[in-house]
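Chain by chain, the residues:
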Protein chains: 2
Amino acid sequence: MNARPSETLSSELTSTLRDAIITGEFKQGSKLSETRLAKQLNVSRGPLREAIRRLEGMNLIQHVPQQGVRVVTLTKELILQIYEAREALESKIAALAAEQMSSQEIEELHRLLDVQTRHMREHEAAAMPAEGDYAFHEQVIRGGKNKVIERALLFEIYNLIKMFRYQNEFAHTSTSNALIEHRQITYAIEQRDAVLAEVTMRQHIKRARERIERRMPD
Amino acid sequence: MNARPSETLSSELTSTLRDAIITGEFKQGSKLSETRLAKQLNVSRGPLREAIRRLEGMNLIQHVPQQGVRVVTLTKELILQIYEAREALESKIAALAAEQMSSQEIEELHRLLDVQTRHMREHEAAAMPAEGDYAFHEQVIRGGKNKVIERALLFEIYNLIKMFRYQNEFAHTSTSNALIEHRQITYAIEQRDAVLAEVTMRQHIKRARERIERRMPD
DNA sequence: GATAGACTAAATGTTGACATTAAAACAATC
DNA sequence: GATTGTTTTAATGTCAACATTTAGTCTATC
């Protein structure tokens, strides 16, 4: 009856724990005790351990044999490295998106831009809501039609970025700049100009990284 | 007594299964039965499942809930996507390596080149031994001092590339071209020329991808 | 002969208990 | 009082059994 593969307990745990880490419910650097978590969530340790292994693969937790796991600590150094990786991957996927996206997918990009624009007008000068920003970038990422880069970005980079933004006020996506840059990226993709899309996306991310470099304390 | 964290059964299984997949002992697309593997390796299913979750994070196997896991199938399309991801990440890390590598690390790069050169002379025109090629690239990758990119390359990209090369004769690293290009990359890093290192590395990988594009059947 | 349904078997998902190791608490000595 | 050694406690690592779902087989009916 259910077309998509049914959720398993261990995959539900993965999502639950991922969100708890992103929102800071589990503090950075804190130890995650299996026994305590298992009692707390009312599950056995088997599926819990599997979920933990998956989160390990997402860079959200670090494992030391015989000692347990800890939530990753987002130091300034690590965040800047994350943005370097993001710059390399997402500029490439933007170039691919310019070549690969269907006209329907580009339509959707415009729709997402409209939503952001409307939100801007209504809440003038307010920070862009994170959800709109993510939706735009994910649409570009999926449009590149490269499963390897897509996976690296959505599973290993974006969760960390969401975690960082969620837990640091100064990191919220800022002002109208992002919207302008999103329009430029959309234009480049629409023109099927891979080079322009790549350069524009690279600049977009580079600026975000430089803002962090300036504002984040060590 | 043992300084480094002691190996656990599940981490040993991860390595064992990884190698078995890379070498083609487990065929591409074949199903990995937990019960059979557990008997075969004389371990219980718990640690085995954890190892499988880790290999999932390495892109070596794919999991379908309630159905089990299969070894990844390296189609031409996937291989080309892997090389696109590699190009984006490794060109960036080459730029970083030009800025970050210590002189000792650059020394080691020269040493690795010498080994390759000597091997070339003795086995003239023969294919470069894969090990030498990996050693060179890994040295550059670690030299970039970016843990995020390093992890993505060594854990998610290179295992797939090793698997691809190991199982396809035409994919073996070829001739003296690679050595020449390795020398160019080393030169750029030595000169602390990040842009040149990035461009040279990008070309190096791009050429490899184009060779695959031409030679690999669909 | 083909198709639909019930039944069987084997696999994955999950649980609880056991074993071993690391951390914590305590005691004893310098 | 601090430090070293011992004991205790609790956590991680591992195992074996149970539950549930899926795939296959067989049978019955059209």
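As the structure is a computational prediction, the values presented were derived from the model and not from experiment.

Q: Can you tell me about the interface of chain B and chain A, naming the residues and giving the values?
A: With 32 residues of chain B at the contact, the number on the chain A side is 32 residues. Interface area for chain B against chain A, summed over the two sides, is near 2,800 Å², with a carbon-plus-sulfur share of 52%. The tally of links between chain B and chain A comes to 8 salt bridges. One salt bridge in this structure joins Glu56(B) and Arg54(A), with 3.7 Å as the shortest N-O distance. Where chain B touches chain A, the interface holds 16 residue pairs in polar contact (both at pLDDT 80 or more). Among the secondary structure elements, those contributing two or more residues to the side of chain B that touches chain A are helix 3 (45-57), helix 4 (76-100), helix 7 (147-167) and helix 9 (194-215) of chain B. The element best represented in the side of chain B that touches chain A is helix 4 of chain B, accounting for 10 residues.

Q: Describe the protein's contact with DNA strand D, with residues and values.
A: The environment of DNA strand D is formed by 19 residues, the closest being Arg45(A), Arg49(A), Thr8(B), Leu9(B) and Ser44(B). Across the atoms of DNA strand D situated within 4 Å of the protein, the share located in sugar and phosphate is 70%. Between Thr35(A) and DNA strand D, the recorded distance is 3.3 Å, taken from a side-chain N or O atom to a sugar or linking oxygen. A distance of 3.4 Å separates a phosphate oxygen of DNA strand D from a polar side-chain atom of Gln67(B). Looking at the surface near DNA strand D, its residues break down into 4 nonpolar, 10 polar and 5 charged.

Q: Lay out the protein's contact with DNA strand C with the relevant residues and their values.
A: Thr8(A), Leu9(A), Ser44(A), Arg45(B) and Arg49(B) are the nearest of the 21 residues found near DNA strand C. Here the atoms of DNA strand C within 4 Å of the protein split so that 69% fall in sugar or phosphate, with bases taking the remainder. Here a phosphate oxygen of DNA strand C and a backbone polar atom of Ser10(A) are 3.5 Å apart. One nitrogen or oxygen atom from the main chain of Glu34(B) is found 3.2 Å from a phosphate oxygen belonging to DNA strand C. Listing elements by their share of the surface near DNA strand C, those giving two or more residues are helix 1 (9-22) and helix 3 (45-57) of chain A together with strand 1 (31-32), helix 2 (34-41) and helix 3 of chain B. Looking at which element gives the most residues to the surface near DNA strand C, the answer is helix 3 of chain A, with 3 residues. Each residue belonging to the surface near DNA strand C can be placed in one class, and the counts come to 4 nonpolar, 12 polar and 5 charged.

Q: Give me the pairing of strand 3 (residues 68-71) of chain B: which residues, what numbers.
A: All names here are of chain B. Where burial is concerned, the two faces of strand 3 differ: the one with Val 69 and Val 71 is buried and the one with Gly 68 and Arg 70 is not. Where strand 1 meets strand 3, 2 bridges bridge the pair, whose relative direction is antiparallel. Across the sheet, Leu 32 pairs through a bridge with Val 69, a residue of strand 3. Bridge analysis of strand 2 (residues 61-64) against strand 3 gives 4 bridges, and the strand direction is antiparallel. When the sheet's bridge partners are listed, His 63 is paired in strand 3 with Val 69.

Q: So what's going on with the domain arrangement of chain A? Residues and values would help.
A: Residues and elements named next belong to chain A. The domain boundaries assigned to chain A delineate domain 1 (9-71) and domain 2 (76-215). The C-alpha-based centres of domain 1 and domain 2 are spaced at 28 Å. The interface is formed by 11 residues belonging to domain 1 together with 8 residues belonging to domain 2. For the pairing of domain 1 and domain 2, the buried interface totals around 890 Å² over both sides, and the portion due to carbon and sulfur atoms is 63%.

Q: An account of the layout of surface pockets is requested, with residue identities and associated values reported.
A: As a volume, the second largest pocket reaches approximately 310 Å³. Lys92(A), Ala95(A), Glu198(A), Glu87(B) and Lys206(B) are the residues nearest the centre of the second largest pocket, which is lined by 17 residues in total. Sorting the residues of the lining of the second largest pocket by element identifies helix 4 (76-100) and helix 9 (194-215) of chain A together with helix 4 and helix 9 of chain B as the ones contributing at least two each. Looking at the lining of the second largest pocket residue by residue, the classes come out as 7 nonpolar, 1 polar and 9 charged.

About the criteria used
- Residues numbered from 1 in each chain as written.
- Chains lettered and ligands numbered in written order.
- Predicted model: local features only at pLDDT ≥ 70, side-chain atom pairs only at ≥ 80, totals over all residues.
- Heavy atoms only, no water.
- Contact = heavy atoms within 4.5 Å.
- Buried area = accessible area lost by both parts, 1.4 Å probe.
- Salt bridge = Lys/Arg side-chain N within 4 Å of Asp/Glu carboxyl O.
- Polar contact = N/O pair within 3.5 Å; in protein donor to acceptor, adjacent residues only side chain to side chain.
- Helix = DSSP H or I, 4+ residues; strand = E, 2+ residues; numbered from the N terminus.
- Near = heavy atom within 4 Å.
- Nonpolar A, V, L, I, M, F, W, Y, C, P; charged D, E, K, R; others polar.
- Buried < 20%, exposed > 50% of the residue type's maximum accessible area, 1.4 Å probe, protein only.
- Pairing = 2+ DSSP bridges.
- Domains from an automatic or database assignment.
- 1 Å grid on protein atoms, 1.4 Å probe; cavity = no way out; pocket = protein on both sides within 12 Å on 5 of 7 lines; lining within 4 Å.
- Points joined across faces, edges and corners; volume = space filled by probe spheres on them.

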